[in-house]
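One-letter residues, chain by chain:
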Amino acid sequence: MPSLVDGKANELFEKVKSIHELAESFDKRSGPLMQEGRRSLLDISLAAQKVTRKFDPLVSPAAAAPPPPRKPNQKRQ
């Protein structure tokens, strides 16, 4: 005959397992979205730097920080 403690342990195990599966599912679905968001922010940053260099005579191209390197598989759209 199972004890009350065994029933609570099984219930806890099932809840933890469910949360783990939910987290894995979220990670798989959100990864590409986050990567695209990072690329978009990088493109916006580069565009803002170009505008600043073009319209602000006090900012010299040499003074502006170089853009961060892109990963080899990243392409501009």
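Look a little higher up for the structure.
Now for a quick tour of the structure. As the structure is a computational prediction, the values presented were derived from the model and not from experiment.

**Digging into the overall build of the protein chain**
Part 1 of the reasoning: Counting its regular elements, the protein chain contains 1 helix and 0 strands.
Part 2 of the reasoning: Going through the 77 residues of the protein chain one by one, you find that 6% of them count as buried.
Part 3 of the reasoning: Carbon and sulfur atoms make up 66% of the accessible area of the protein chain, which totals about 7,000 Å².

**Notes on the pattern of salt bridges**
Part 1 of the reasoning: Counted according to the given criterion, the structure contains 2 salt bridges.
Part 2 of the reasoning: Between E11 and K15 there is a salt bridge; the shortest N-O distance is 3.3 Å. Taken together, the residues span about one helical turn, with E11 and K15 both in helix α1 (residues 4-55) at a distance of 4 residues.
Part 3 of the reasoning: Measuring nitrogen to oxygen at the nearest pair gives 3.7 Å for the salt bridge that ties E36 to R39. Of this pair, E36 and R39 are both found in helix α1, 3 residues apart, which corresponds to roughly one turn of the helix.

**Comments concerning a negative patch on the surface**
Part 1 of the reasoning: Taken together, the side chains of E14, E21, E24 and D27 make up a negatively charged region of the molecular surface.
Part 2 of the reasoning: Residue position: E24 is located in helix α1.
Part 3 of the reasoning: Its relative accessible area of 40% is what places E24 among the partly exposed residues.

Thresholds applied
Residues numbered from 1 in each chain as written. Predicted model: local features only at pLDDT ≥ 70, side-chain atom pairs only at ≥ 80, totals over all residues. Heavy atoms only, no water. Helix = DSSP H or I, 4+ residues; strand = E, 2+ residues; numbered from the N terminus. Buried < 20%, exposed > 50% of the residue type's maximum accessible area, 1.4 Å probe, protein only. Areas by Shrake-Rupley, 256 points an atom, 1.4 Å probe, with all protein chains shown as cover. Salt bridge = Lys/Arg side-chain N within 4 Å of Asp/Glu carboxyl O. Patch = residues over 30% accessible without salt bridge, like charges linked within 9 Å, V, L, I, M, F, W, Y side chains within 5 Å. Lys, Arg positive; Asp, Glu negative; His and termini not counted. Charge placed at Lys NZ, Arg CZ, Asp CG, Glu CD.

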